[in-house]
Amino acid sequence: MPLKHKKVDSVHVVTLGEQLGLEASRETRENLNTYLEDTESSGLILDCSELNYITSSGIGLVADCYKQLKAQNREFALVQVGDQVHEILDICGFSRFIKIHETEDQALWDFKSSGAA
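Residues numbered from 1 in each chain as written. Predicted model: local features only at pLDDT ≥ 70, side-chain atom pairs only at ≥ 80, totals over all residues. Heavy atoms only, no water.

> Give a detailed account of the packing of aromatic side chains, specifying residues and quantitative values.
Each aromatic ring pair is characterised by the separation of its centres together with the angle its planes make. Considering all chains together, one arrives at 2 aromatic pairs under this definition. With a centroid separation of 5.0 Å and an interplanar angle of 55 degrees, the aromatic rings of Tyr66 and Phe97 are classed as tilted. In this pair, Tyr66 sits in helix α2 (residues 56-71) while Phe97 sits in the loop between α3 (83-91) and β7 (99-101), placing the two residues 31 residues apart along the sequence. With relative accessibility at 35%, the residue Phe97 sits in the partly exposed group. Both rings, one in Phe94 and one in Phe97, keep their centres 5.4 Å apart while their planes meet at 50 degrees; by these two values the pair is tilted. Exposure remark for Phe94: the relative accessible area of 8% places this residue in the buried category. By the ring-pair criterion, three or more aromatic residues cluster together here, those being Tyr66, Phe94 and Phe97. (Phe/Tyr/Trp six-rings, centres within 6.5 Å; stacked < 30°, edge-to-face > 60°. Helix = DSSP H or I, 4+ residues; strand = E, 2+ residues; numbered from the N terminus. Buried < 20%, exposed > 50% of the residue type's maximum accessible area, 1.4 Å probe, protein only.)

Structure (structure tokens):
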């Protein structure tokens with residue numbers, strides 16, 4: 001399933017599907033590679049507004065995005081994370097190092113404040 005994508009200034013904003021299980025994570029990873037490899041962009045926001053199910057494969061995908069972008073001094077954030085998915089991210093400790101914002105605008109403002117967007 002193709003991901004919804006838009007570019008705001010130099011930031012890629014990608015809306016994830018309803019599930020990030022094993023198969024969906026593989027497909028999502030392939031689709032995200034284009035945006036992760038775009039070194040002209042200042043970062044990536046994953047919109048989780050439609051996401052209601054995540055497995056360890058999905059968590060690995062989020063971690064890989066974070067690590068790749070951090071290594072390139074680029075920004076990464078999750079937005080509109082539902083309660084269930086947020087709880088899983090909290091249990092995994094992701095909320096300690098991955099930026100999670102209520103809205104896309106908040107994430108973009110944060111990126112601009114850090115000089116990234």
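> Pulling in residues and values, what's your account of the nonpolar core?
Judged by nonpolar contacts, the single largest core of 26 residues is most densely connected at Leu32, Leu44, Leu46, Phe76 and Leu78. Listing elements by their share of this core, those giving two or more residues are α1 (22-36), β4 (43-47), α2, β6 (75-79) and α3. Considering every element that reaches this core, the biggest residue donor is α2, with 7 residues. The contacts of Phe76, once residues within four sequence positions are left out, are Leu44, Leu46, Val62, Cys65, Tyr66, Leu69, Ile98, Lys99 and Phe111. Ile45, Ala77, Val79 and Ala107 belong to the second largest nonpolar core, which has 8 residues in total. (Core = buried A, V, L, I, M, F, W, Y, C linked by side-chain atoms within 4.5 Å. Contact = heavy atoms within 4.5 Å.)

> Just give me the short version of unusual backbone geometry, but keep the residues and values in it.
With a phi angle near 55 degrees, Asp9 is a residue other than glycine that sits in the positive phi range. With respect to the element layout, Asp9 can be found in the loop between β1 (4-8) and β2 (11-15). A positive phi angle, near 50 degrees, is found at Gln80, a position not held by glycine. Along the polypeptide, Gln80 turns up in the loop between β6 and α3.

> Report on the sheet that holds β6, specifying residues and quantitative values.
Reading across the sheet, the 5 strands line up as β1-β2-β4-β6-β7 and stay open at both edges, with mixed pairing between neighbours. Pairing within the sheet leaves two strands with one partner each, and these edge strands are β1 and β7. For this sheet, the mean angle separating the axes of adjacent strands, direction not counted, is 25 degrees. Sitting on the sheet, α1 touches β1, β2 and β4, and the angle it makes with β4 is about 145 degrees. (Pairing = 2+ DSSP bridges. Axes fitted to C-alpha atoms, helices over the stretch in contact; angles between N-to-C directions.)

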